[in-house]
Amino acid sequence: MAQIHFLSDETARAAREDFGTPVYLYDQHSLEDAAAAALSFPNAYGLTARYAMKALPTAAILRILTTAGLHIDASSGFEAERALAAGIAPEKILITAQEMPANLEQLVKSGVEFNACSLHQLRTFGEIFPASEISVRVNPGLGSGENNRTNVGGPAASFGIWHELLDEVEIIRAEHGLKITAMHTHIGSGSDPEIWKRCARLSLGIAARLHDVRRLNLGGGFKTGRMPGEASADLHEIGNALLPDFQNFAKEHGRELHLEIEPGTFIAANAGAIVATVIDVVSTGRHGYDFIKLDTGLTEILRPSMYGAQQPMTLVPAEDGGEERAPHDYIVVGHCCESGDILTPAPGDPEALLPRTLVDAKIGDLLVIGGAGAYCAAMPAKNYNSFPEATEVLITNDGIQVLIRSRQTAQQMTQNELEC
Ligand SMILES: *Cc1c(COP(=O)(O)O)cnc(C)c1O
């Protein structure tokens, strides 16, 4: 099972035996290896690597990654509270949010850091906390996401303060006596060191005009290949490409900028898999398709139906030692009564079907979906068709499978509903 490196057929079968399906399996080794890679990102004057927890926010995962040395990027006030509840120190948490947290004052007083992502956010922060230090997120005018759903920079993205509005930033800063000590850009730069370099140069150019900035956060978006042969960002190469620009900045402006990065996908994507059961196999005839239906789908993994994302898949026979299975092309679909619940769309086109070569499938077999650590359990079509949230299991460094989130019960699904 080369595509899902931490998971043997036996491990997948054991997980079903112990926890049922669908079940997410996460590999502690892979998480720690990725954290170590992020923490060794080349830097000129110091580094903080934050885990973008929206990728996979389960408490056990947050604790493993912060123990490994990562800090936290939280995408909402609620996410910050979730990290605090998991026992993460407030000083390690930076909030970068589209929606201003309702309890910002309480969070900041507890030690959580805030990154103002719009003029309104900066003004509001200034009103609550005049004469204090603040970080600002800037949209440097460059985007690079693979499509408009993952693009987080440039004129088509609403994230951050548009780079031409620095004069207004200065007016608000002065009005509230703020000190802008950190600057943030997250444009989803992918794997190309040249794009990272361009983004860093634009960001440094902006930081040059914000005289109190001592930390520059370049965000996450390090491309992570999930499919065999799909390239991943080389953090070492990217970091080294940026070094001279930070050194030149220091020479020119007398400021040695501390670097921050915020990988989410890079940390979690290939540390997770979904183990599902084949619940049906149907055909639409000679001019149609053969379909595998799973007991999972957009209730556990939305990426294929949302982005046309490609995930590695392996069919695991229910029992070991049967006859050799012949290759067979299938469309793999989920369990929702929803024609869009497709796990094998064409790349980048959730509207189109692309048969996947697996092997002959029988009802009761297992299907393992790899690359399912990031933005899967975190981003489900939760409770659609009233399917309860799936179980999450950690494979520890000792190879033991430990339950880290139980399956939701039917009672939990409806517990906030009221009689009327
Ligand atoms: C989502 C997000 C990240 C992480 O993005 P990945 O593509 O998962 O690495 C980092 N920083 C911010 C501000 C984000 O919103």
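Residues numbered from 1 in each chain as written. Predicted model: local features only at pLDDT ≥ 70, side-chain atom pairs only at ≥ 80, totals over all residues. Heavy atoms only, no water.

1. Some details on the overall build of the chain
Inclusion rule: What counts as a helix is a DSSP run of H or I of at least four residues, what counts as a strand is a run of E of at least two, and both are numbered from the N terminus. We compute the radius of gyration over the C-alpha atoms and compare it with the globule rule, which gives 2.2 Å times the number of residues raised to the power 0.38. We call a residue buried when its accessible area falls under 20% of the maximum for its residue type, exposed when it is over 50%, and partly exposed in between, using a 1.4 Å probe and counting protein chains only. Every accessible area reported is derived by Shrake-Rupley at a probe size of 1.4 Å, with residue values counting cover from the shown protein chains alone.
Check the secondary structure of the chain and you find 12 helices and 20 strands. For 420 residues, the compact-globule formula gives about 22 Å, and the C-alpha radius of gyration of the chain, at 23 Å, lands near that figure. Counting only C-alpha atoms and orienting by the principal axes, one finds that the chain spans roughly 70 × 55 × 45 Å. Residues classed as buried in the chain amount to 54% of the 420 residues present. Total accessible area computed for the chain in this model is approximately 18,100 Å², and 50% of it derives from carbon and sulfur atoms.

2. Thoughts on the packing of aromatic side chains
Rules: When the centres of two rings from Phe, Tyr and Trp lie within 6.5 Å, Trp using its six-membered ring, the rings pair. Their planes under 30 degrees apart give stacked, over 60 give edge-to-face, and anything left gives tilted.
For the structure shown, the criterion picks out seven aromatic pairs. Centroid distance Phe 125 to Phe 129: 5.2 Å. Interplanar angle 40 degrees. Geometry classified as tilted. On the basis of relative accessibility, which here comes to 3%, the residue Phe 125 falls in the buried class. Considering the side-chain rings of Phe 222 and Phe 266, the 6.5 Å spacing of their centres and the 65 degrees angle between planes classify their relative orientation as edge-to-face. Linking Phe 222 in the loop between strand 9 (215-217) and helix 9 (235-253) with Phe 266 in helix 10 (residues 265-268), this pair joins segments that are 44 residues apart in sequence. For Phe 266, a relative accessible area of 17% translates into the label buried. By the ring-pair criterion, three or more aromatic residues cluster together here, those being Phe 41, Trp 196, Phe 222 and Phe 266.

3. Considering the pattern of salt bridges
Note the cut-off: Any carboxyl oxygen of Asp or Glu within 4 Å of a side-chain nitrogen of Lys or Arg constitutes a salt bridge here.
In the structure shown here, the tally under the stated rule is 14 salt bridges. A salt bridge links Lys 109 to Glu 105; the nearest nitrogen and oxygen atoms lie 2.8 Å apart. Of the two residues, Lys 109 and Glu 105 both sit in helix 5 (residues 104-110), four residues apart, roughly one turn of that helix. On the basis of relative accessibility, which here comes to 60%, the residue Lys 109 falls in the exposed class. Among the salt bridges present, the one from Asp 365 reaches Arg 325, with a minimum N-O distance of 2.8 Å. With a gap of 40 residues between them, Asp 365 in the loop between strand 17 (356-359) and strand 18 (366-369) and Arg 325 in the loop between strand 13 (313-316) and strand 14 (327-333) connect regions that are remote in the sequence.

4. Topic: the domain arrangement of the chain
Accessible area lost during the coming together of the parts is what is often quoted as the interface size. Heads up, the rule is: Boundaries of every domain are those given by an automatic assignment or by a domain database. In this description, contact between two residues means that some pair of their heavy atoms is separated by no more than 4.5 Å. Two N or O atoms count as a polar contact when they lie within 3.5 Å, although within protein this holds only if one can serve as hydrogen donor and the other as acceptor, and sequence-adjacent residues are included solely when both atoms are side-chain atoms.
For the chain, the domain assignment lists domain 1 (28-268) and domain 2 (271-412). Taking only C-alpha atoms into account, the centre of domain 1 sits 32 Å from that of domain 2. Tallying the contact residues gives 20 residues for domain 1 and 22 residues for domain 2. For the interface between domain 1 and domain 2, the tally reads zero salt bridges. Joining domain 1 to domain 2, the criterion identifies eight residue pairs in polar contact (both at pLDDT 80 or more).

5. A word on the site of the ligand
The criterion, for reference: By convention in these notes, a residue is near a molecule or strand provided one of its non-hydrogen atoms lies within 4 Å of it. The nonpolar class holds Ala, Val, Leu, Ile, Met, Phe, Trp, Tyr, Cys and Pro. Asp, Glu, Lys and Arg form the charged class, and all remaining residues, Gly among them, are polar.
The local shell around the ligand holds 14 residues, among which Lys 54, Gly 221, Glu 262, Thr 265 and Tyr 375 are the closest. Note that an oxygen atom of the ligand is positioned 3.0 Å from one of the backbone N or O atoms of Gly 264. Burial of the ligand by the protein chains amounts to 88% of its free accessible area of 380 Å². Considered class by class, the residues forming the shell around the ligand number three nonpolar, seven polar and four charged.

6. With respect to unusual backbone geometry
With omega at -5 degrees, the peptide bond leading from Thr 21 into Pro 22 counts as cis. Structurally, the position occupied by Pro 22 is in the loop between helix 1 (9-19) and strand 1 (23-27). Residue Ala 131 is not a glycine yet carries a positive backbone phi of 60 degrees. Tracing the backbone through its elements, the reader meets Ala 131 in the loop between helix 6 (119-128) and strand 6 (133-139).

7. With respect to the pairing of strand 16 (residues 349-353)
Regular strands place side chains that alternate from one sheet face to the opposite one. Cut-off, in case you're wondering: When DSSP finds at least two bridges between two strands, those strands are taken to pair.
For strand 15 (residues 345-346) and strand 16, the ladder comprises two bridges, and the chain directions are antiparallel. Bridging from a neighbouring strand, Ala 346 pairs with Asp 349 of strand 16. In this antiparallel pair of consecutive strands, strand 15 and strand 16, the connection spans two residues, and Gly 348 shows a positive phi of 70 degrees.

8. Some words on the state of the cysteines
Structurally, a disulfide amounts to a covalent bond that connects the sulfur atoms of two cysteines. Test applied: When two cysteine sulfur atoms are found within 2.5 Å, that pair is recorded as a disulfide.
Scanning the entire structure with this criterion turns up zero disulfides. Among the cysteines around Cys 337, which has no disulfide bond, Cys 336 carries the closest sulfur, lying 7.4 Å off. Since its relative accessible area comes to 70%, Cys 337 is described here as exposed.

9. Here we look at the environment of Tyr 289
For Tyr 289, the position within the fold is in the loop between strand 11 (272-283) and strand 12 (290-294). Sequence separation of Tyr 289 and Leu 353 is 64 residues, and the distance between their C-alpha atoms is 9.6 Å. Setting aside anything within four residues of it in sequence, one finds Tyr 289 in contact with Val 282, Ser 283, Thr 284, Ile 331, Leu 353 and Pro 355.

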